[in-house]
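Chain residues, written in single-letter form:
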Amino acid sequence: QVQLAESGGGLVQAGGSLRLSCAASGSIFSTNTMRWYRQAPGKQRELVAAITSGGSTNYADFVKGRFTISRDNGKNAVFLQMSSLKPEDTAVYYCNADLVLRTGVKVFGSWGQGTQVTVSS
């Protein structure tokens with residue numbers, strides 16, 4: 001059994017910062033690519049950023065220069081440092097990860113339950 005647990009969401013004023021964390025737990029041997037997605041009310045879920053096990057990163061254009069994704073492989077954790085937040089960043093942010101279990105089974109796209117980020121103007 002694998003769980004992804006996000007934390008760090010909250011209410012912040014425009015221009016402020018938040019740091020999201022996501023930790024994977026369970027019978028995990030390793031984590032491969034880890035991602036952050038977000039979903040605003042009435043909109044589709046969209047990819048925000050991704051990071052490979054080797055540390056290569058990829059960002060959506062709308063967060064480039066403002067958000068930074070990082071990870072701690074030893075803790076099977078991924079982080080999202082969000083700065084210069086805008087009201088349009090308001091959404092539920094979800095952690096997503098590709099995992100290898102101790103049994104050798106590969107799990108693609110495991111999801112967390114999400115954490116709410118609200119940016120007030």
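See the structure shown above.
How each quantity is defined
Here the residue numbering is sequential within each chain, running from 1 through the sequence in written order. Local features in a predicted model are, by the rule used here, given only for residues with pLDDT of at least 70; side-chain atom pairs are given and counted only at 80 or more, and totals for whole chains, interfaces and linings are based on all residues. The side-chain numbers reported here are obtained from all heavy atoms of the structure, hydrogens and water having been left aside. Starting at the N terminus, helices and strands are each numbered in turn, a helix being any DSSP run of H or I of at least four residues and a strand any DSSP run of E of at least two. Computation of the radius of gyration draws on C-alpha atoms alone. For the globule rule, the value is 2.2 Å times the number of residues to the power 0.38. We get accessible surface area from the Shrake-Rupley algorithm with a probe of 1.4 Å; when it comes to residues, only the shown protein chains can shield them. By the counting rule applied here, Lys and Arg register as positive and Asp and Glu as negative, while His and the ends of each chain are not counted. In plain terms, the charge of a residue is placed at NZ if it is Lys, CZ if Arg, CG if Asp and CD if Glu. Any two rings among Phe, Tyr and Trp, with Trp reduced to its six-membered ring, count as a pair given centres within 6.5 Å; such a pair is stacked if its planes are under 30 degrees apart, edge-to-face if over 60, and tilted if neither. Exposure classes here rest on a 1.4 Å probe applied to the protein chains alone. A residue is buried below 20% of its type maximum, exposed above 50%, and partly exposed in between. Charge over a ring is defined by NZ of Lys or CZ of Arg lying within 6 Å of the ring centre and within 35 degrees of the ring normal. Only buried Ala, Val, Leu, Ile, Met, Phe, Trp, Tyr and Cys residues count toward a nonpolar core, and they belong to the same one when joined by side-chain atoms within 4.5 Å. It only takes one pair of heavy atoms within 4.5 Å for two residues to be counted as in contact. Side-chain atoms alone can form a polar contact between residues adjacent in sequence; in general such a contact is a pair of N or O atoms within 3.5 Å, and within protein one must be able to donate a hydrogen while the other accepts it. Salt bridges are counted wherever a side-chain nitrogen of Lys or Arg sits within 4 Å of a carboxyl oxygen of Asp or Glu.

(A) The overall build of the chain, seen in detail. Secondary structure summary: the chain contains zero helices and eleven strands in total. Taken from N to C terminus, the helices and strands of the chain fall in the order β-β-β-β-β-β-β-β-β-β-β. Compactness check: the chain gives a C-alpha radius of gyration of 14 Å against a globular reference of 14 Å for 121 residues, within 12% of the reference. In terms of principal-axis extent, the alpha carbons of the chain reach across some 50 × 25 × 20 Å. Total accessible area on the chain stands at roughly 6300 Å², and carbon and sulfur atoms take up 47% of it. Here the chain carries 12 positive and 7 negative side-chain charges, and the mean point of each set is 4 Å from the other.

(B) A look at the packing of aromatic side chains. Per the stated rule, a full pass over the model turns up two aromatic pairs. Judged by centre distance (6.2 Å) and plane angle (90°), the rings of Y94 and W111 are edge-to-face. In this pair, Y94 sits in strand β9 (residues 91-101) while W111 sits in strand β10 (residues 106-111), placing the two residues 17 residues apart along the sequence. For Y94, a relative accessible area of 14% translates into the label buried. Members of the aromatic cluster, each reached through a chain of ring pairs, are Y37, Y94 and W111. Looking at R45, its charged tip hangs above the ring of Y94, at a distance of 3.7 Å from the centre.

(C) Here's a closer look at the environment of S70. As for its placement among the helices and strands, S70 is situated in strand β7 (residues 67-72). You can call S70 partly exposed: its relative accessible area is 28%.

(D) Focus on the nonpolar core. By size, the foremost hydrophobic cluster in this structure holds 28 residues, and its most contacted members are W36, V48, F67, V78, L80, M82 and Y93. Secondary-structure elements contributing two or more residues to this core are β3 (18-26), β4 (28-39), β5 (46-51), β7, β8 (77-82), β9 and β11 (115-120). If you tally residues by element for this core, the top one is β9, at five residues. Here F67 is in contact with R38, V48, Y59, L80, Q81, M82, S83, L85, D89 and Y93, once residues within four sequence places are set aside.

(E) Focus on the side chain of D98. With respect to the secondary-structure elements, D98 resides in strand β9. Engagement of the side chain of D98 in a polar contact is seen with the backbone nitrogen of G109, the distance being 2.8 Å. If we ignore the near neighbours within four places in the chain, the residues touching D98 are T31, N32, T33, R35, V107, F108 and G109.

(F) Expanded view of the environment of A49. On the secondary structure map, A49 appears in strand β5. Sequence separation between A49 and T68 is 19 residues, and the spatial gap between their C-alpha atoms is 8.1 Å. Residues in contact with A49, not counting those within four places in the same chain, are M34, R35, W36, N58, Y59, I69 and L80.

(G) Fine view of the pattern of salt bridges. Scanning all chains against the criterion turns up five salt bridges. With a closest N to O distance of 3.2 Å, K64 and D61 form a salt bridge. Residue classification places D61 among the exposed positions, given a relative accessible area of 64%. One salt bridge connects D89 with R66, and the closest N-O pair in it is separated by 2.7 Å. With a gap of 23 residues between them, D89 in the loop between β8 and β9 and R66 in the loop between β6 (57-59) and β7 connect regions that are remote in the sequence. Here D89 matches R66 in class, with each residue buried. Overlapping salt bridges, with partners in common, bring together R38, E46, R66 and D89 in one network.

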